[in-house]
Amino acid sequence: MVGSRRLLIKNGVVVVYVVLSVLRWRSHRILRCFDRMASALASVALSAPFARGVPLPENPMVQRIGAGKIHDNRLFKGKAFRRVSMAVSVNVSRFDGVTMAPPDPILGVSEAFRADTSDLKLNLGVGAYRTEELQPYVLNVVEKAEKLMLERGENKEYLPIEGLAAFNKVTAELLFGADNPVIQEGRVATIQGLSGTGSLRLAAAFIQRYFSDAKALISSPTWGNHKNIFNDARVPWSEYRYYDPRTVGLDFDGMVADIKAAPDGSFVLLHGCAHNPTGIDPTPDQWEKIADVIQEKNHIPFFDVAYQGFASGSLDADAYSVRLFVRRGFELLVAQSYSKNLGLYAERIGAINVVCSSPDAGTRVKSQLKRLARPMYSNPPVHGARIVANVVGDPNLFNEWKQEMELMAGRIKNVRQRLYENLSQKDESGKDWSFVLKQIGMFSYTGLNKVQSEHMMDKWHIYMTKDGRISLAGLSLSKCEYLADAIIDSFHNLFTAALLVSKLVRPSKVNV
Ligand code: PGU
């Protein structure tokens, strides 16, 4: 009697569960609510004592619970729930509520490029150096350093949380200069990071933890991932004016005014050199004035240095802005990357440096950076760090590296020059393309907008980011003419339509 009543209840519960599951499938809006109810009912249906007749997958923990060997109620509930979750997922995915993420605006371009079968295709999306034959390039000094590492037979033990000591030392010296007082006095907290991105992310986590009321200021436009980094770290940000479309140059007055208008004590993100995506850097005089206003407002400079040595071909020239701010006595943050200047894209090697006013503050900051890193990734990878330590720390390899860097930067400059000549010669409208020559670094900001950039891909098979940025590092001299034809066509023939769209689609100014 008791047994058949139990069977009846069990069947009733199963029917309700099936109905809810069907309804859940029909309606995405109430998905979460049904999901929870369905799970709870299934839990009742499948758990003891009603579940005796329901076949379940073998699970030693379940058997132990059934045998009454575990009496911890918390554990019992947890394990039972996990078992039921598995059963529910047979017909309906627990991940149905997960929506499709859009492709990444930069790395997604490479995916689209790979899918294109045309012989004409050209990938100017991602900022990655290619040879004149458009092949990836491993630097000679990197190969030499790796050979050394193999010969030494180094082990693969964990690094300390802060990374390889030899790496941190040469990295900070490369950035600030070995004789810089902040290095001599031990006032820099340097932590090896997961390349530029990971270092920025660690710094953002630090800001969120210790300056939770502070805001980050980022340039408009900026490298797209800056916004993601601050969003994910829950650091509120807003933009300062940077690019002036009328002059295709720096909106210096706008920049200064916006930095001035921001709440005191904001973190001002500055591109140390080769601003991405515009390729427009402030002049030394403008850097001084930017430092003035940051000082006046008690802001904290936060440099992103992803292109040291790659912009001008000189490591020292490209560290000018950072060293100026250090000379003026600022406490500041600098994220560094070896992706471009040593071609170590996939090694994920970089660093975060925090310059403090005292060695004691430096020690404390470093301890907290380590504390943040530990639960995120525990400690960083060793291979790239050893390559850097071997190249930057060895006078011979260091000199050879500088020559290779000049070569890479030189090839980009040549391509820039050729593109400018082709644009000027071929464009019959008389448009002034000289801004291409004024920009610096890997990129050229063409001024093409979204519609025009999409036309470059659709018609010409030229892959670029939709903000009009092209990576000259992915261009060869022989492809310049083809690229110039594509730019001229996209710029003039889609001008009206593109103007209309750009008026309708305005970028947002403030975010959280
Ligand atoms: N900061 C800036 C200004 C950058 O341009 C990049 C890379 C990074 C940091 C991060 O580089 P890491 O590789 O993490 O060291 N920007 C390139 C690479 C592609 C990407 O978006 O990650 C670019 O094409 O903009």
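See the structure above.
Please read these numbers as outputs of a predicted model, since none were measured by experiment. (Residues numbered from 1 in each chain as written. Predicted model: local features only at pLDDT ≥ 70, side-chain atom pairs only at ≥ 80, totals over all residues. Heavy atoms only, no water.)

Participant: Got a minute to help me understand the pairing of strand 4 (residues 237–241) in this structure?
Facilitator: Every other side chain in a regular strand lies on the same face of the sheet, so the side chains alternate between the two faces. Summarising burial for strand 4: four of the five residues are buried, a large majority. Where strand 3 (residues 216–220) meets strand 4, five bridges bridge the pair, whose relative direction is parallel. Each bridged residue has a counterpart across the sheet, and for Ile-218 the counterpart in strand 4 is Glu-239. In this fold, strand 3 hands off to helix 10 (residues 225–232), which returns the chain to strand 4; that crossover is right-handed. (Buried < 20%, exposed > 50% of the residue type's maximum accessible area, 1.4 Å probe, protein only. Helix = DSSP H or I, 4+ residues; strand = E, 2+ residues; numbered from the N terminus. Pairing = 2+ DSSP bridges. Right-handed = clockwise from strand over helix to strand, strands pointing away.)

Participant: What is the right way to read the pattern of salt bridges from this model?
Facilitator: Any two side chains of opposite charge can pair if their charged atoms end up close together. Overall, the coordinates contain 22 salt bridges when judged by the stated rule. A salt bridge links Glu-173 to Lys-169; the shortest N-O distance between them is 2.9 Å. You can see Glu-173 and its partner Lys-169 sitting in helix 7 (residues 165–176), four residues apart, about one turn around the helix. On the basis of relative accessible area, Glu-173 is assigned to the partly exposed category, the value being 23%. (Salt bridge = Lys/Arg side-chain N within 4 Å of Asp/Glu carboxyl O.)

Participant: How should the site of the ligand be read in this particular structure?
Facilitator: In the vicinity of the ligand lie 18 residues, with Ser-195, Thr-197, Asn-276, Tyr-307 and Ser-337 positioned nearest. A distance of 2.5 Å separates an oxygen atom of the ligand from a polar atom in the side chain of Thr-197. Notes on the ligand: free accessible area 530 Å², of which the protein chains cover 92%. With three residues, the top contributor of residues to the shell around the ligand is helix 9 (residues 195–210). Split by residue class, the shell around the ligand holds seven nonpolar, seven polar and four charged. A domain split of the shell around the ligand shows at least three residues from each of domain 2 (109–135 + 404–505) and domain 3 (158–393). (Near = heavy atom within 4 Å. Polar contact = N/O pair within 3.5 Å; in protein donor to acceptor, adjacent residues only side chain to side chain. Areas by Shrake-Rupley, 256 points an atom, 1.4 Å probe, with all protein chains shown as cover. Nonpolar A, V, L, I, M, F, W, Y, C, P; charged D, E, K, R; others polar. Domains from an automatic or database assignment.)

Participant: Got a minute to help me understand the nonpolar core in this structure?
Facilitator: Side chains of nonpolar character tend, in soluble globular proteins, to be buried together. Ranked by internal contacts, the top residues of the largest apolar core, which has 99 residues, are Phe-176, Leu-270, Phe-325, Leu-342, Trp-401 and Leu-419. Per element, the largest residue contribution to this core is nine residues, and it comes from helix 17 (residues 395–426). Looking at which domains feed residues into this core, each of domain 2 (109–135 + 404–505) and domain 3 (158–393) supplies at least three. In this structure, Ile-191, Ala-214, Ile-300 and Leu-369 belong to the second largest nonpolar core, which totals 36 residues. (Core = buried A, V, L, I, M, F, W, Y, C linked by side-chain atoms within 4.5 Å.)

Participant: Where do I start with the packing of aromatic side chains in this structure?
Facilitator: The description of two aromatic rings rests on the distance between their centres and on the angle between their planes. This model, assessed by the stated rule, comprises 19 aromatic pairs. Consider the rings of Phe-167 and Tyr-338, whose centres lie 5.8 Å apart with planes at 65°: the pair is edge-to-face. Of this pair, Phe-167 sits in helix 7 while Tyr-338 sits in the loop between strand 9 (332–337) and strand 10 (349–355), and the two are 171 residues apart along the sequence. According to the relative accessible area criterion, Tyr-338 is buried, its value standing at 1%. Taking the centre distance of 4.8 Å and the plane angle of 85° together, the rings of Tyr-243 and Tyr-445 count as edge-to-face. Placement of Tyr-243 in strand 5 (residues 243–244) and of Tyr-445 in strand 11 (residues 443–445) is noted, with a sequence separation of 202 residues between them. (Phe/Tyr/Trp six-rings, centres within 6.5 Å; stacked < 30°, edge-to-face > 60°.)

Participant: What is the right way to look at helix 20 (residues 480–493) in this model?
Facilitator: Every α-helix carries 3.6 residues per turn, so stepping three or four residues along brings you back to the same face. Its 14 residues place the ends of helix 20 20 Å apart at the C-alpha level, agreeing with the 20 Å of an ideal helix rising 1.5 Å per residue. With ten of 14 residues buried, helix 20 is to be regarded as a mostly interior element. Buried within helix 20 we find Cys-480, Tyr-482, Leu-483, Ala-484, Ala-486, Ile-487, Ile-488, Asp-489, Ser-490 and Phe-491. (Expected span 1.5 Å × (residues − 1).)

Participant: Looking at this model, I keep getting lost on the packing of helix 12 (residues 284–296) against helix 14 (residues 320–327). Mind explaining?
Facilitator: For any two helices packed against each other, the geometry comes down to the angle between their axes and how far apart the axes lie. For the pair helix 12 and helix 14, the least separation of the axes is 10 Å and the interaxial angle reads 40°. Our classification of the angle between helix 12 and helix 14 gives oblique. The way helix 12 lies across helix 14 gives a crossing that is right-handed. When helix 12 is examined against helix 14, the residues Pro-284, Trp-287, Glu-288, Ile-290, Ala-291 and Ile-294 are found in contact with a partner set consisting of Tyr-320, Ser-321, Leu-324 and Phe-325. (Axes fitted to C-alpha atoms, helices over the stretch in contact; angles between N-to-C directions. Parallel < 35°, antiparallel > 145°, perpendicular 65-115°, else oblique. Left-handed = near helix turned anticlockwise from the far one by under 90°. Contact = heavy atoms within 4.5 Å.)

Participant: Sorry, what's going on with the side chain of Asn-390 here?
Facilitator: Positionally, Asn-390 belongs in helix 16 (residues 383–392). Accessibility expressed as a relative area gives 13% for Asn-390, which makes it buried. Excluding residues within four positions of it along the chain, Asn-390 makes contact with Ala-145, Met-149, Arg-152 and Leu-397.

Participant: What am I meant to see in the pairing of strand 7 (residues 267–271) here?
Facilitator: Counting buried positions over the five residues of strand 7 gives five, a clear majority of the element. Burial along strand 7 is two-sided: the residues Phe-267, Leu-269 and His-271 and Val-268 and Leu-270 are all buried. Relative to strand 7, strand 3 runs parallel, the two being bridged by two bridges. In the strand pairing of strand 7, Leu-217 is matched with Val-268. The sheet contact formed by strand 7 and strand 8 (residues 300–305) spans five bridges and is parallel. Bridge pairing in strand 8 places His-271 opposite Asp-304. Where the polypeptide runs from strand 7 across helix 12 and back to strand 8, its parallel neighbour, the crossover connection is right-handed.

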